[in-house]
Amino acid sequence: MTTPDSLQACVFIVDDDAAVRDSLALLLGLRGFTTQCHASAEAFLANLTPAQRGCVLLDLRMPGMSGVEAQSAIRERNPALPVIILTAHGDVATARTTLKAGAFDFVEKPPDDALLVALIGKALASAASRAALDARKTTLQNRIARLTARERQVLEAVTSGCHNREIAATLGISPRTVEVYKARVMDKLQVERVPDLVRLALDAGLTPNHRLGDSLTE
């Protein structure tokens, strides 16, 4: 069963067999999915952009670029796009290696309709979740970018688990001044508690630095 969000995404069908492309497009179209068909990996990659959202049904064996090669290229150009490998029975061992390379899953041809639809739904949900996390990370990074250099230093110290006295000693300011900076940081980042401040910093990709003597000096 698809969700409203998944209906806005596109299922890219990449297979050199026209009959397979047509049958998959018909099946998924009837289930409410938007589809786009490509007869080769090269044709698909020629139109792939980092902004595209959805998932890819990718045939493992095709003339020219193989599914394995295409999967690698997709990960480089649009890592947020889940790839579901379509494989013949004899290719299952190879298909399993694609999982290790980051494929979302694989299905054997001819795919079971219900299984395939359910798998696509999971792939789209996963992609939507990742997109939401990426958007949140960008928003948080933009907030942090508005901090002054000193406020950023205090944020990094708090994220690293330092107490006010440690921060004050390293920066050459009083613990009370540290509190003032911390309050400013929390106000700018729109949080009310230190645990929320730490969580926000980590969600933004700020890595705790335990060598504070190096990181906090100006």
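Right, let's walk through the structure included here. Just so it is clear, the model here is predicted, and its values are computed rather than measured.

Analysis parameters
Residues numbered from 1 in each chain as written. Predicted model: local features only at pLDDT ≥ 70, side-chain atom pairs only at ≥ 80, totals over all residues. Heavy atoms only, no water. Buried < 20%, exposed > 50% of the residue type's maximum accessible area, 1.4 Å probe, protein only. Helix = DSSP H or I, 4+ residues; strand = E, 2+ residues; numbered from the N terminus. Arc of directions from axis to C-beta. Contact = heavy atoms within 4.5 Å. Axes fitted to C-alpha atoms, helices over the stretch in contact; angles between N-to-C directions. Parallel < 35°, antiparallel > 145°, perpendicular 65-115°, else oblique. Phe/Tyr/Trp six-rings, centres within 6.5 Å; stacked < 30°, edge-to-face > 60°. Lys NZ or Arg CZ within 6 Å of the ring centre and 35° of its normal. Polar contact = N/O pair within 3.5 Å; in protein donor to acceptor, adjacent residues only side chain to side chain. Salt bridge = Lys/Arg side-chain N within 4 Å of Asp/Glu carboxyl O.

1. Focus: helix α10 (residues 194-203)
Given 3.6 residues per turn, any residue in an α-helix points the same way as the ones three and four places further on.
Thought 1: For α10, the complete set of buried residues consists of Leu197, Leu200 and Ala201. An end-on view of α10 places all buried positions within 95 degrees of arc, on one side of the element.
Thought 2: Check the buried side of α10 and you find it contacts α6 (113-145), α7 (149-159) and α9 (175-188).
Thought 3: At the C-terminal side of α10, glycine 205 shows a positive phi close to 90 degrees.

2. Description of the packing of α7 against α10
Angle between the axes and distance between the axes: these two values describe a pair of packed helices.
Thought 1: Closest axis-to-axis distance for the α7/α10 pair is 9 Å, and the angle between their directions is 100 degrees. Judged by the inter-axis angle, α7 sits roughly perpendicular to α10. Residues Leu155, Val158 and Thr159 of α7 pack against Val194, Leu197, Val198, Ala201 and Leu202 of α10.

3. Focus: the packing of aromatic side chains
Thought 1: Throughout the structure, instances matching the rule amount to 1 aromatic pair.
Thought 2: Measuring from centroid to centroid gives 5.3 Å for phenylalanine 12 and phenylalanine 44, while their planes differ by 50 degrees, and the two rings are tilted. Here phenylalanine 12, found in strand β1 (residues 10-14), pairs with phenylalanine 44, found in helix α3 (residues 41-46); they are 32 residues apart in sequence, far enough to count as distant. Phenylalanine 44 shares its class with phenylalanine 12; the two are buried.
Thought 3: When the ring centre of tyrosine 181 is taken as origin, the NZ or CZ atom of arginine 184, which lies over that ring, is 5.4 Å away.

4. A closer look at the side chain of arginine 150
Thought 1: Within the fold, arginine 150 resides in helix α7.
Thought 2: The class for arginine 150 is buried, based on a relative accessible area of 16%.
Thought 3: Within polar-contact distance, the side chain of arginine 150 engages the side chain of glutamine 153 at 2.9 Å.

5. Things to note about unusual backbone geometry
Thought 1: Backbone torsion omega between lysine 109 and proline 110 reads -15 degrees, so that peptide bond is classified as cis.
Thought 2: Within the secondary structure, proline 110 sits in the loop between β5 (105-108) and α6.
Thought 3: Here the phi dihedral of glutamine 190 falls at roughly 60 degrees; this positive angle occurs in a residue that is not glycine.
Thought 4: When you line up the elements, glutamine 190 lands in the loop between α9 and α10.
Thought 5: With a relative accessible area of 57%, glutamine 190 lands in the exposed category.

6. Things to note about the side chain of histidine 38
Thought 1: Secondary-structure assignment places histidine 38 in strand β2 (residues 34-38).
Thought 2: Using a relative accessible area of 8% as the deciding quantity, one classes histidine 38 as buried.
Thought 3: Side chain to side chain, histidine 38 and glutamine 36 meet in a polar contact 2.8 Å long.
Thought 4: Excluding its chain neighbours within four sequence positions, the residues that come into contact with histidine 38 are Phe12, Ile13, Val14, Asp15, Arg21, Ala43, Phe44 and Asn47.

7. Comments concerning the pattern of salt bridges
Thought 1: A full pass over the atoms with the stated rule returns 8 salt bridges.
Thought 2: Between aspartate 59 and lysine 109 there is a salt bridge, with its nearest N and O atoms 3.0 Å apart. Of this pair, aspartate 59 sits in strand β3 (residues 54-59) while lysine 109 sits in the loop between β5 and α6; the two residues are 50 residues apart in sequence, bridging distant segments of the chain.
Thought 3: A residue is classified by how much of its surface remains accessible, and lysine 109, at 28% relative accessible area, is partly exposed.

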